Amino acid sequence: MSLHDDAALVLKGYEGQDELRQAYLDHLAAHPDGMWKACHAGHVTASALVVDPEHGRVLLTLHRKLRMWLQMGGHCEPGDATLAAAALREATEESGIPGLTLLPGGPVRLDRHPIPAPCHWHFDVQYTALAPRGAAHAISDESLDLRWFAYDEVREVADDSVVRLLEGTRARL
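The structure reproduced in this document is the subject of the present report.

Met35, Val50, Leu83 and Val125 are the most contacted members of the largest nonpolar core, which totals 31 residues. Mapped by element, the contributors of at least two residues to this core are helix 1 (3–13), helix 2 (18–30), strand 1 (43–52), helix 3 (83–95), strand 7 (121–130) and strand 8 (143–150). Ignoring sequence-local partners within four residues, the contact set of Val50 consists of Arg57, Val58, Leu59, Met72, Ala91, Ile97, Leu100, Ala129, Ala131 and Trp148. In terms of nonpolar packing, the next biggest core, distinct from the first, is built from 17 residues, Leu60, Leu70, Val162 and Leu165 among them.

Below, the structure is given as structure tokens:
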């Protein structure tokens, strides 16, 4: 099964955000290359909010280009067998934390946001990654900083997309 096929299956099974979910499916149907950065009409990305439920906190990255506190995530790569694998790979690479596991139940949310040309849209499939006990993070080249924030601090530093992802995550925990 291709990553494109996996994404279509994941999205068909995803419950919630029905209008947005349909926009993702329509995009994939219209663009066979819709999973890849080279698709200028937009492309699917995978992200994961790294959480430490034991301590009630999340790890956010200060994105190097956007200069915003965000969850870990990015573009799918040819070696990614599934969207979940892409989200977990991105979270592990950007956090430096080995042993992350995805919260069961598939994606937590979907978020579509405009990006600068030549591409137009990121169709982000958002997961949650659970940090193992005693996790130590390490800053990657894609980040200016990494920092743990208490759940109630996220609204003060991050945009609404991250806040909604945290709310969805907390509802599942």
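Each aromatic ring pair is summarised here by two numbers: the centre-to-centre distance and the angle between the ring planes. Evaluated as defined, the whole model comprises two aromatic pairs. When the centroid spacing of 5.1 Å and the interplanar angle of 85 degrees are considered together, the rings of Tyr24 and Phe123 count as edge-to-face. With Tyr24 in helix 2 and Phe123 in strand 7, the pair connects residues that are 99 residues apart, well separated along the chain. With respect to burial, Tyr24 and Phe123 carry one shared label: buried. Ring centres of Trp69 and Phe149 lie 5.0 Å apart, and the angle between their planes is 75 degrees; this geometry places the pair in the edge-to-face category. In this pair, Trp69 sits in strand 3 (residues 69–70) while Phe149 sits in strand 8, placing the two residues 80 residues apart along the sequence. You'll find Trp69 and Phe149 in the same group, each marked buried. Looking at Arg57, its charged tip hangs above the ring of Trp148, at a distance of 4.1 Å from the centre. The residue whose ring lies beneath Arg112 is Trp121, and the NZ or CZ to ring-centre distance is 4.9 Å.

Next up on the list: the environment of Gly16. Residue position: Gly16 is located in the loop between helix 1 and helix 2. Taking C-alpha positions, Gly16 is 21 Å from Pro114, a pair spaced 98 residues apart along the chain.

Turning our attention to the layout of surface pockets. Of the volumes computed, that of the largest pocket is approximately 1000 Å³. Of all the secondary structure elements, the ones that give two or more residues to the lining of the largest pocket are strand 1, strand 2 (57–63), strand 4 (72–75), helix 3, strand 6 (109–114), strand 7 and helix 5 (160–172).

The subject of this paragraph is the side chain of Ser47. Within the secondary structure, Ser47 is located in strand 1. Within the structure, Ser47 has its side chain in polar contact with the side chain of Asp124 (distance 2.8 Å).

Here we come to the pattern of salt bridges. Note that side chains of opposite charge can pair when their charged atoms are close. Tallied over the entire structure, the rule returns ten salt bridges. Here Glu77 and Arg89 are joined by a salt bridge, their closest N and O atoms 3.3 Å apart. One end of the pair, Glu77, is in the loop between strand 4 and helix 3; the other, Arg89, is in helix 3, and twelve residues separate them in sequence. Arg147 serves as the salt-bridge partner of Asp145, at 2.9 Å between the closest nitrogen and oxygen. Using a relative accessible area of 39% as the deciding quantity, one classes Arg147 as partly exposed. Put simply, Glu77, Asp80, Arg89, Glu90 and Glu93 are held in one network by salt bridges that share partners.

Criteria and thresholds
Residues numbered from 1 in each chain as written. Predicted model: local features only at pLDDT ≥ 70, side-chain atom pairs only at ≥ 80, totals over all residues. Heavy atoms only, no water. Core = buried A, V, L, I, M, F, W, Y, C linked by side-chain atoms within 4.5 Å. Buried < 20%, exposed > 50% of the residue type's maximum accessible area, 1.4 Å probe, protein only. Helix = DSSP H or I, 4+ residues; strand = E, 2+ residues; numbered from the N terminus. Contact = heavy atoms within 4.5 Å. Phe/Tyr/Trp six-rings, centres within 6.5 Å; stacked < 30°, edge-to-face > 60°. Lys NZ or Arg CZ within 6 Å of the ring centre and 35° of its normal. 1 Å grid on protein atoms, 1.4 Å probe; cavity = no way out; pocket = protein on both sides within 12 Å on 5 of 7 lines; lining within 4 Å. Points joined across faces, edges and corners; volume = space filled by probe spheres on them. Polar contact = N/O pair within 3.5 Å; in protein donor to acceptor, adjacent residues only side chain to side chain. Salt bridge = Lys/Arg side-chain N within 4 Å of Asp/Glu carboxyl O.

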